[in-house]
Amino acid sequence: MAHHHHHHHRSGKLTGKTALVTGSSRGIGRATAIRLAREGALVAVHCSRNREAADETVATIEKEGGRAFSVLAELGVPGDVHELFLALERGLKERTDATTLDILVNNAGVMGGVAPEEVTPELFDRLVAVNAKAPFFIVQRALTLIPDGGRIINISSGLTRFANPQEVAYAMTKGAMDQLTLHFAKHLGSRNITVNSVGPGITNNGTPVFDNPEAVAQMAGYSVFNRVGEVTDVADVVAFLAGDDARWITGSYLDASGGTLLG
Ligand code: NAP
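Throughout this document, residue positions are counted from 1 along each chain, in the order its sequence is written. Under the rules for a predicted model, residues below a pLDDT of 70 receive no local features and side-chain atom pairs below 80 are neither given nor counted, while totals for whole chains, interfaces and linings still include all residues. For the side-chain quantities, the full set of heavy atoms in the structure was used; hydrogens and water were omitted.

Caption draft 1: Quick look at the overall build of the protein. Helix and strand labels come from DSSP, where a helix needs a run of H or I of at least four residues and a strand needs a run of E of at least two; each type is numbered from the N terminus. For the protein, the count of helices and strands is 8 helices and 9 strands. The globule rule used here is 2.2 Å times the number of residues to the 0.38 power, and the radius of gyration it is set against is calculated over C-alpha atoms. Relative to a compact globule of 263 residues, whose C-alpha radius of gyration would be 18 Å, the protein shows 18 Å and is just as compact. For the C-alpha atoms alone, the extent of the protein along its principal axes is close to 50 × 40 × 40 Å. Relative accessibility decides the category of a residue: with a 1.4 Å probe and only protein chains considered, values under 20% of the type maximum give buried, values over 50% give exposed, and everything between is partly exposed. Sorting the 263 residues of the protein into buried and exposed places 49% on the buried side. The long-range share in the protein, meaning contacts at least 24 apart out of those at least 6 apart in sequence, stands at 72%. By definition, residues are in contact when any of their heavy atoms lie within 4.5 Å.

This is the structure in structure tokens:
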């Protein structure tokens, strides 16, 4: 079995590539890290503080014969991007003797879940800092490491197109992320780097609400397929964008919501 997986990795479509997936200790990021590693990429598994969770993702990848290492850095605080790239570059250098980063997935994010009347300036600033400002400066910094033909994938949200007043501030930050996609896609075309957004709908990230059958049935109703998304449903779309098959797609928003936006 281990041998089979190992063989699979050597022939994977991302063999020889390196990837950073922010927020990959759990949820969509974790599934994305596992999927990219399965395609052969060496993956930097990032989270803010929970080293155990990140190491668990790394262990899962290694058990399948893949390659990964964990990187800790809290985003949304001063010095965040510096901290992240210090650890990332160290990890890449140790394993590849270089600091080339082929694939950047901006996935780490926080939700609001607060009525519009209750949003405080502090909460708003925090959402902007983690979901919009950090990804911008991560892209800016990563461009010193991303070679021609690289990939930038930003995890947006269906809430940029589907109104939910409880998430107005969060959705504003994801709208900002789609702007990051649009303008950097143009900027990086000459380097054959593609930049795209992926917009999940409601996706089972393992939080307790997904253990509640009534809540799940209600959430499932938003998708034309009448189920909630699984993290692998989104990770598979990210993996597609990361590969050569997606070379002609840039500046796009890929709806990965199971038809939630169809109304
Ligand atoms: P999740 O399960 O809540 O996991 C979030 C990940 O991001 C964790 O690894 C977390 O690590 C990391 N993270 C959060 N804040 C961070 C910070 N300040 N600094 C560093 N790392 C941080 O998330 P998810 O539900 O999979 O969502 C992933 C992405 O998809 C997010 O951008 C989210 O907005 C988007 N999305 C999710 C859904 C959904 O239904 N799940 C729908 C649409 C869009 P730590 O625990 O160490 O902080």
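Back to the write-up after that little detour.
Caption draft 2: Just helix H2 (residues 27-38), in detail. In this analysis, the expected span of each helix is defined as 1.5 Å times one less than the number of residues it contains. Counted at 1.5 Å a residue, the expected span for H2 with its 12 residues is 16 Å, and the 17 Å between its end C-alpha atoms agrees. With 10 of its 12 residues buried, H2 lies for the most part within the structure. Taken together, the buried positions of H2 are Gly-27, Ile-28, Gly-29, Ala-31, Thr-32, Ala-33, Ile-34, Arg-35, Leu-36 and Ala-37. Note on H2: the residue one or two positions beyond its end, Gly-40, has a positive phi of about 110°.

Caption draft 3: View of the pattern of salt bridges. In what follows, salt bridge is the name for a side-chain nitrogen of Lys or Arg lying within 4 Å of a carboxyl oxygen of Asp or Glu. For the coordinates displayed, the defined rule picks out 11 salt bridges. The salt bridge partner of Arg-49 is Glu-74, with a shortest N-O separation of 3.9 Å. With a gap of 25 residues between them, Arg-49 in the loop between strand S2 (42-47) and helix H3 (51-63) and Glu-74 in the loop between strand S3 (67-72) and helix H4 (80-96) connect regions that are remote in the sequence. For Arg-49, a relative accessible area of 62% translates into the label exposed. A relative accessible area of 24% places Glu-74 in the partly exposed class. Of the charged contacts in the structure, one is a salt bridge between Arg-247 and Asp-244, with a shortest N-O distance of 3.4 Å. Note on accessibility: Arg-247 and Asp-244 belong to one class, exposed.

Caption draft 4: Up close: the site of the ligand. Throughout, the term near means that a residue has one or more heavy atoms lying within 4 Å of the molecule or strand in question. Taken together, 30 residues surround the ligand, and among them Ser-25, Ser-48, Asn-107, Tyr-170 and Asn-205 come closest. Within the backbone of Gly-23, one N or O atom sits 3.2 Å away from an oxygen atom of the ligand. Ile-28 places a polar main-chain atom, nitrogen or oxygen, 2.8 Å from an oxygen atom of the ligand. Calculation on the ligand without its partners gives an accessible area of 890 Å², and the protein chains cover 90% of this total. Among the secondary structure elements, those contributing two or more residues to the shell around the ligand are H2, S2, helix H5 (121-142) and helix H6 (168-188). For this analysis, a polar contact is any N or O atom pair within 3.5 Å, provided that within protein one partner can donate a hydrogen and the other can accept it, and provided that sequence-adjacent residues contribute only side-chain to side-chain pairs. Surface exposure here means Shrake-Rupley accessible area, sampled with a 1.4 Å probe, where a residue is shielded only by the protein chains that are shown.

Caption draft 5: Broad picture of the packing of aromatic side chains. Two rings belonging to Phe, Tyr or Trp (six-membered ring only in the last case) form a pair when the distance between their centres is within 6.5 Å. Interplanar angles under 30 degrees mark stacking, angles over 60 mark edge-to-face geometry, and anything in between is tilted. All told, the structure shown has 3 aromatic pairs when counted by the stated rule. Judged by centre distance (5.6 Å) and plane angle (90°), the ring pair of Phe-162 and Tyr-222 falls under edge-to-face. Here Phe-162 is found in the loop between strand S5 (151-155) and H6, whereas its partner Tyr-222 is found in the loop between helix H7 (213-220) and strand S8 (229-230), with 60 residues between them in sequence. For Tyr-222, a relative accessible area of 37% gives the class partly exposed. Taken together through their ring pairs, the aromatic side chains of Phe-136, Phe-137 and Phe-184 make up a single cluster. The ring of Tyr-253 carries Arg-161 above its face, with NZ or CZ at 3.4 Å from the centroid. Whether a charge lies above a ring is judged from NZ of Lys or CZ of Arg, which has to be within 6 Å of the ring centre and within 35 degrees of the ring normal.

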